[in-house]
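Fold and contact review
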Amino acid sequence: MASKNNNAKKLPSKKYLDSIFTVDGSKLIHKNYRDRVKAGPNLEGKSAGKVQYDGRVQIVIEKEWFLRSRIIWKMVTGKDPKYIIDHDNGDCSDDNFYNLKDRTLTNNQRNSNRRLNSNNTTGICGLERITQNGYKYWRAKYVGKILYTGNNKEIALERLEKARKNDPNYIN
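The rules behind each value
Residues numbered from 1 in each chain as written. Predicted model: local features only at pLDDT ≥ 70, side-chain atom pairs only at ≥ 80, totals over all residues. Heavy atoms only, no water. Pairing = 2+ DSSP bridges. Helix = DSSP H or I, 4+ residues; strand = E, 2+ residues; numbered from the N terminus. Buried < 20%, exposed > 50% of the residue type's maximum accessible area, 1.4 Å probe, protein only. Contact = heavy atoms within 4.5 Å. Patch = residues over 30% accessible without salt bridge, like charges linked within 9 Å, V, L, I, M, F, W, Y side chains within 5 Å. Areas by Shrake-Rupley, 256 points an atom, 1.4 Å probe, with all protein chains shown as cover. Salt bridge = Lys/Arg side-chain N within 4 Å of Asp/Glu carboxyl O. Axes fitted to C-alpha atoms, helices over the stretch in contact; angles between N-to-C directions. Phe/Tyr/Trp six-rings, centres within 6.5 Å; stacked < 30°, edge-to-face > 60°. Lys NZ or Arg CZ within 6 Å of the ring centre and 35° of its normal.

**Some points on the sheet that holds strand S4 (residues 57-61)**
Strand order in the open sheet formed by three strands is S3-S4-S5, and the pairing between neighbours is antiparallel. The open sheet is flanked by strand S3 (50-51) and strand S5 (64-67), the only strands paired with a single partner. Across four bridges, the pairing between S4 and S5 is antiparallel. Looking at the pairing, glutamine 58 lines up with leucine 67 of S5.

**Some remarks on the environment of serine 69**
Positionally, serine 69 belongs in helix H3 (residues 68-77). Residue class for serine 69 comes out buried when judged on its relative accessible area of 5%. Along the backbone, serine 69 and asparagine 96 are 27 residues apart, and their C-alpha atoms lie at a distance of 8.2 Å. Among all residues touching serine 69, those that are not within four sequence positions of it are Ile85, His87, Asp95 and Leu100.

**Brief notes about a nonpolar patch on the surface**
A contiguous nonpolar surface patch, about 200 Å² in accessible area, is contributed by Val23, Val76 and Phe97. With respect to the element layout, valine 23 can be found in strand S1 (residues 21-24).

**What about the sheet that holds strand S9 (residues 135-142)?**
Strand order in the open sheet formed by three strands is S8-S9-S10, with antiparallel pairing between adjacent strands. If you trace the sheet from one side to the other, it starts and ends with strand S8 (127-132) and strand S10 (145-150), each paired once. With direction set aside, neighbouring strand axes in the sheet form an average angle of 30 degrees. Where S9 and S10 come together, five bridges link them in antiparallel fashion. Note on S10: the bridge partner recorded for alanine 140 is tyrosine 148. Across the face of the sheet, helix H5 (residues 153-165) comes into contact with S8, S9 and S10 while running at roughly 10 degrees to S9.

**Points about the packing of aromatic side chains**
The description of two aromatic rings rests on the distance between their centres and on the angle between their planes. As enumerated under the stated definition, the model contains one aromatic pair in all. An angle of 40 degrees between the planes, with centres 5.3 Å apart, marks the rings of tryptophan 73 and phenylalanine 97 as tilted. You can see tryptophan 73 sitting in helix H3 and its partner phenylalanine 97 sitting in the loop between strand S6 (84-87) and strand S7 (100-103), a full 24 residues away along the chain. Directly above the ring of phenylalanine 66 sits lysine 9, whose terminal nitrogen or CZ lies 5.1 Å from the centroid.

So, in structure tokens, the structure goes:
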């Protein structure tokens, strides 16, 4: 049985979130801003949050940082995410609700394994052609585990396919 995401901070209530934000696609728009913040620029009607280095957006509520994706999840479903919010299309800045999935860490990693890494030159997820110290070899990886390292591409592909077939949670 998968464990809950115990590291995540509990979000404010849906009622409170609905009183301070409006969901607009993948954005949260401030509302009733002056009722909460008396000084500084008036952000009423403006998009909330700060983009982080990895593309995710964080938002401060009552002096605590929260991920926008988790806030949108709670505003739409009424519940805190049970596990980790995964972006189905791999774009961490796309917080449209249809793109958000509440997944275990393992399933989140499986989803990311479906997409090609930007430096993948083989065209096959999980298969890498490595050059190190003048030697070239193949590496097959699945869910962070190295399945094969060697000179035989066919063996690497077989091990990768076997790992996927034996995984009941594999997402095609």
